[in-house]
Protein chains: 2
Amino acid sequence: MQAITIPISFAPLDTLPAVIRAGGVEADRCLVVTDEHVAVRYGDAVCNNLARNEFEPRLIVLPPGEESKSQDRLAEIYDRALAWGIERSTPLVALGGGVVGDLAGFAAATLLRGIPLFQVPTTLIAQVDSSIGGKTGIDHEAGKNLIGAFYRPTGILTDPALLKSLPTREWTSGLAEVIKHGLIADDTLFTELETQMDALFDRNESVVERIVPRAADVKVRIVCEDEFETGLRTILNFGHTFAHAIEKVAGYGVYTHGEAVAAGMRAALHVSKHATPGFDAERADRIVRRIPVPPGLASLSIADLIEVMKFDKKVRRGSVRLVLLDRIGHAFVTGDISSTLVEKAWAFVQEAIG
Amino acid sequence: MQAITIPISFAPLDTLPAVIRAGGVEADRCLVVTDEHVAVRYGDAVCNNLARNEFEPRLIVLPPGEESKSQDRLAEIYDRALAWGIERSTPLVALGGGVVGDLAGFAAATLLRGIPLFQVPTTLIAQVDSSIGGKTGIDHEAGKNLIGAFYRPTGILTDPALLKSLPTREWTSGLAEVIKHGLIADDTLFTELETQMDALFDRNESVVERIVPRAADVKVRIVCEDEFETGLRTILNFGHTFAHAIEKVAGYGVYTHGEAVAAGMRAALHVSKHATPGFDAERADRIVRRIPVPPGLASLSIADLIEVMKFDKKVRRGSVRLVLLDRIGHAFVTGDISSTLVEKAWAFVQEAIG
């Protein structure tokens, strides 16, 4: 597999026209896909700025929330883009969080067999995680993200200043992924988080400006080594096999993804401690448990959670695989974990949260 | 752009299980997508053979014809594949002509962000052209192939013996693409066609076994140099800007794609002669005109045809580009052709056919 580069600019939102041109786009038309929440805040500013810079923008605004990652909404983007008469050179800007990035990214991947895609993430989770790495897709009634494509964005414009207006719950949920990046691949980042969690909860501007690119860079490095998730990239799923089970059993939307990941990482740390007795799981857990998780999680059925884990997308030939840590900053994948231990990990988390 | 290889096996259909295993597939389940016509002839044989070789095949049979390249049929494949519980390692075999290859290929490209795809082309046009090069997709009411992806098949199994049972009209239509490959990039192939057209019309076995891989190889070489159609690959559209206009104005299905391409090549040869006066267009036309084209084509409105050409997918910033020849075996792309000349080319073809 050849090395790839991931073209992220950490820069103010108003540099978008320059970022698109720097991506080699000569077209004048420009699709901008966003959701209602983001449109209220940034829709006009982005479109006016594009118009001032020799683009003809066309805004497509979708309802917010995971429900928009559907075949119907995808078809709506297709209809509007194709009725407008886009060409292969017409760029599509995905302006929003993970839902917009995944859905609009998949539309860009599949319109005319691929048009230039620019990700402009507006949430913390999108800035450090979902906008990076080319995963796009929609949900199916059989599960989340079951239809999609790997598609490289032509550019990613990440402006940490956009995060000031994020609702508190989305902010703290995003911090779960930041912590995850430290835990799996960057012990220096994790050590910095240990001293900066208060500043991060307060969204201290200079700390945010420093940590976001650091956390994003962990994802960049991993994706560059394993674009199509055939090996190393799996470690990004630390806590996620548990998290997906929580989201499915509780019902999507009851917990944020970050909340589920935080609880899932606590379970995975518990298993990691058993797999590598010398591992300082308590040190890791001390930071992870600062992410608030609604207590209702303690009453989910453990039997149901385990059942769902068996059907996770990362299943290979029927056996559940888990990402574990053997030290802070280093993760590994194993298929060798007993159901009993997984059950104990769930019990640990439920007791800790309840 | 790095060099790619295209894994075609020219071998009997019953080697399919070995071809799939050679592609690195360890899964036991195997999706087979085909259409009703092909299912009658090969469905049982393929599935029984897979079952005898430690696969668990699941056959999905779609209605034949271009109408199946729709979002609805795609959703049907998604539903059935996901309800069955496929994993990322589950292969999908696209057994059929261009429609099946495009539709099932796009399903494989987008299920779980991509599962291993095996193309088993059963028509001449699919064997020498559409199964090679990774273009997959479906139609939209705004036009053909407007939704899709570039997706590399893990393997292509091409068995020229399957062509014996092809209806005559599909066979002769496929010959149009064979001739095209000689004209644009292989003068030796073209010279051979000049002496072998009768044998090809008769489907002489040894001639077919020799010519199919030769014609396929032209496509392979071009795609290897330009996988994503940013340059050289455009020459494969020789005759196609005209052909797409014919298909659209006449209504899809009135002419086969190959018939439209044959007529389109005659128009493109006429333009080529004007662009390069020394070019022996008559020698080329002598072979192209052996492909039967229904005479109704002579009564299509030239104004309508030209209007449609302006909206072809290969339009760049509003100007129509054409692929032309300057000698047999060498094509080039130009944006520099007057509407008047295009009109004359249409008039020439209509007179010649009418």
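Each chain has its residues counted from 1, following the order in which its sequence is written. As they are written, the chains are lettered A onward and the ligands numbered 1 onward, keeping that order. Where local features are concerned, this predicted model is filtered to residues with pLDDT of at least 70; where side-chain atom pairs are given and counted, the filter is 80 or more; whole-chain, interface and lining totals use all residues. The side-chain figures draw on all heavy atoms in the structure; neither hydrogens nor water molecules are used.

Draft legend 1. Inspection of the domain arrangement of chain A at higher detail. All names here are of chain A. In this entry, domain limits derive from an automatic or database-based domain assignment. Domain boundaries in chain A define domain 1 (8-165) and domain 2 (168-353). Its C-alpha centre places domain 1 at a distance of 27 Å from the equivalent point of domain 2. Listed as interface residues are 25 residues of domain 1 and, on the opposing side, 29 residues of domain 2. Buried surface area refers to the total accessible area, computed with a probe of radius 1.4 Å, that the two partners give up upon joining, counted for both partners together. For the pair domain 1 and domain 2, the two sides together bury roughly 2,200 Å², of which 64% comes from carbon and sulfur. When residues of domain 1 are sorted by the area they lose upon contact with domain 2, Leu-124, Val-128 and Lys-144 head the list and together hold 26% of the total. Any Lys or Arg side-chain nitrogen located within 4 Å of an Asp or Glu carboxyl oxygen qualifies as a salt bridge. Joining domain 1 to domain 2, the criterion identifies five salt bridges. The residue Glu-229 makes a salt bridge to Lys-135 at a minimum N-O spacing of 2.9 Å. Any two residues whose heavy atoms approach within 4.5 Å are treated as being in contact.

Draft legend 2. Geometry of the packing of aromatic side chains. All names here are of chain A. Note on ring pairs: Phe, Tyr and Trp rings are taken, using the six-membered ring of Trp, and paired if centres are within 6.5 Å. Classes follow the plane angle, with under 30 degrees stacked, over 60 edge-to-face and the rest tilted. Applying the stated criterion across every chain yields a total of four aromatic pairs over all chains. Pairing Phe-150 with Phe-228 gives two aromatic rings, centres 5.4 Å apart and planes at 85 degrees, and the pair type is edge-to-face. In this pair, Phe-150 sits in strand S7 (residues 143-150) while Phe-228 sits in the loop between helix H8 (205-225) and helix H9 (240-250), placing the two residues 78 residues apart along the sequence. Cation over ring: Arg-21 sits above Phe-55, and NZ or CZ is 3.9 Å from the ring centre. Starting at the N terminus, helices and strands are each numbered in turn, a helix being any DSSP run of H or I of at least four residues and a strand any DSSP run of E of at least two. The rule for a charge over a ring is simple: NZ of Lys or CZ of Arg within 6 Å of the ring centre, and within 35 degrees of the ring normal.

Draft legend 3. Geometry of the sheet that holds strand S5 (residues 117-121) of chain A. Residues and elements named next belong to chain A. As summarised here, the arrangement of the six strands in space is S1-S8-S5-S4-S2-S3, forming an open sheet in which the pairing is parallel. Whereas interior strands pair on both sides, the edge strands pair on one side only; in this sheet they are strand S1 (8-10) and strand S3 (56-62). On average, each strand axis in the sheet is tilted by 20 degrees relative to the strand beside it, whichever way the strands run. Where helices are involved, their axes are fitted lines through C-alpha atoms of the stretch in contact, as for all axes, and angles between N-to-C directions lie from 0 to 180°. Contacting strand S2 (29-35) and S3, helix H3 (residues 71-84) crosses the sheet at an angle of about 160 degrees to S3. Following DSSP output, two strands are said to pair if at least two bridges run between them.

Draft legend 4. Looking closely at the interface of chain B and chain A. Counting from both sides, the interface comprises 33 residues of chain B and, opposite them, 33 residues of chain A. Close ionic contact of B:Arg88 with A:Glu229 constitutes a salt bridge, the shortest N to O distance being 3.0 Å. Whenever a nitrogen or oxygen atom comes within 3.5 Å of another N or O atom, the pair is scored as a polar contact, on the condition that within protein one atom can donate a hydrogen and the other can accept it, and that pairs from neighbouring residues in sequence are kept only if both atoms are in side chains. Across the chain B-chain A interface, the total number found is 10 residue pairs in polar contact (both at pLDDT 80 or more). Element by element, the count of residues in the side of chain B that touches chain A is highest for strand S7 (residues 143-150) of chain B, at six residues. Three residue categories are used. Nonpolar comprises Ala, Val, Leu, Ile, Met, Phe, Trp, Tyr, Cys and Pro, charged comprises Asp, Glu, Lys and Arg, and polar comprises the others, including Gly. Of the residues assigned to the side of chain B that touches chain A, the class counts are 14 nonpolar, eight polar and 11 charged.

Draft legend 5. Region of the structure containing the sheet that holds strand S5 (residues 117-121) of chain B. Residues and elements named next belong to chain B. Spatially, S1-S8-S5-S4-S2-S3 is the arrangement adopted by the six strands of the open sheet, whose pairing is parallel. Bordering the open sheet on either side are strand S1 (8-10) and strand S3 (56-62), each of which pairs with just one other strand. Adjacent strand axes in the sheet meet at a mean angle of 20 degrees, parallel and antiparallel pairs treated alike. Helix-sheet contacts for helix H4 (residues 98-110) involve strand S2 (29-35), S3, strand S4 (92-96) and S5, and the interaxial angle to S4 is about 165 degrees.

Draft legend 6. Highlighting the relation of the copies chain B and chain A. All copies are superposed by least squares; the fitting set is the C-alpha atoms of residues with a pLDDT of at least 70 in both. Rotating chain B by 180 degrees about the axis while translating it 0.0 Å along that axis superimposes it on chain A, leaving an RMSD of 0.0 Å. Viewed as a symmetry operation, the transformation between the two copies matches a two-fold axis. Interface overlap between copies is the fraction of interface residues in one copy that are interface residues in the other; for chain B against chain A it reaches 100%, indicating a shared surface.

Draft legend 7. Here's a closer look at the packing of H9(A) against helix H13 (residues 339-353) of chain A. All names here are of chain A. At a closest axis distance of 13 Å, the pairing of H9 and H13 adopts a crossing angle of 65 degrees. Between H9 and H13, the crossing angle belongs to the class labelled roughly perpendicular. By crossing handedness, the relation of H9 to H13 is classed as right-handed. Of the residues in H13, those touching H9 at Phe-242, Ala-245 and Ile-246 are Val-342, Ala-345 and Trp-346. Of the residues that constitute the contact of H9 with H13, the class distribution is six nonpolar, no polar and no charged. Just so you know how the angles are binned, under 35 degrees is roughly parallel, over 145 roughly antiparallel, 65 to 115 roughly perpendicular, and the rest oblique. The handedness criterion is simple: a crossing whose near helix is rotated anticlockwise from the far helix by less than a right angle is left-handed, and one whose near helix is rotated clockwise is right-handed.

Draft legend 8. Representation of the pattern of salt bridges within the structure. Residues and elements named next belong to chain A. Counting across every chain of the model gives 50 salt bridges over all chains. For the salt bridge of Lys-219 with Asp-129, the shortest nitrogen-to-oxygen distance reads 2.5 Å. With Lys-219 in helix H8 and Asp-129 in helix H5 (residues 124-130), the pair connects residues that are 90 residues apart, well separated along the chain. One network of salt bridges, in which partners are shared, links Glu-66, Lys-69, Asp-102, Asp-139, Lys-144 and Glu-247.

Draft legend 9. Spatial organisation of the pairing of strand S6 (residues 135-140) of chain A. Residues and elements named next belong to chain A. When accessible area is computed with a 1.4 Å probe and restricted to protein chains, residues below 20% of their type maximum are described as buried, those above 50% as exposed, and intermediate ones as partly exposed. Buried residues dominate S6, accounting for five of its six residues. Direction of pairing for S6 relative to S7: antiparallel, over a ladder of five bridges. In the strand pairing of S7, Thr-136 is matched with Ala-149. Counting the residues in the hairpin turn of S6 and S7 gives two residues.

Draft legend 10. Structural view of the packing of helix H3 (residues 71-84) of chain B against H4(B). Residue and element names in this part refer to chain B. Two numbers describe how H3 lies on H4: the axes approach to 10 Å, and their chain directions differ by 50 degrees. Taken together, the axes of H3 and H4 lie oblique to each other. Classified by chirality, the crossing of H4 by H3 is right-handed. Seen from H3, the contacting residues are Arg-73, Leu-74, Ile-77 and Tyr-78; seen from H4, they are Leu-103, Ala-104, Phe-106, Ala-107 and Thr-110. Among the residues forming the contact of H3 with H4, the class breakdown is seven nonpolar, one polar and one charged.

Draft legend 11. How the structure looks around the confidence of the model for chain A. Within a predicted model, pLDDT stands for the predictor's per-residue confidence, ranging from 0 to 100. The share of residues in chain A with pLDDT of 70 or more is 96%, and the mean pLDDT across the chain is 94. With pTM at 0.93, the complex prediction returns an ipTM value of 0.92.

Draft legend 12. Main features of helix H6 (residues 168-185) of chain A. Expected span of a helix: the number of residues minus one, times 1.5 Å. Between its first and last C-alpha, H6(A) extends 26 Å over 18 residues, near the 26 Å set by a 1.5 Å rise per residue. Of all 18 residues in H6(A), 14 are buried, a share of seventy percent or more.

Draft legend 13. Geometry of helix H7 (residues 187-201) of chain A. Residues and elements named next belong to chain A. Look at H7: 20 Å from first C-alpha to last across 15 residues, which is about the 21 Å you get at 1.5 Å a residue. Two axes are fitted around each residue, one to the seven residues ending there and one to the seven starting there, and the angle between them is reported as the bend at that residue. Along its length, H7 reaches its greatest deviation from straightness, about 65 degrees, at Thr-195. For H7, the complete set of buried residues consists of Leu-189, Phe-190, Glu-192, Leu-193, Gln-196, Met-197, Ala-199 and Leu-200. In this fold, the buried residues of H7 make contact with H6, H8 and helix H11 (281-288). Directly after H7, the chain includes Arg-203, whose backbone phi takes a positive value near 55 degrees.

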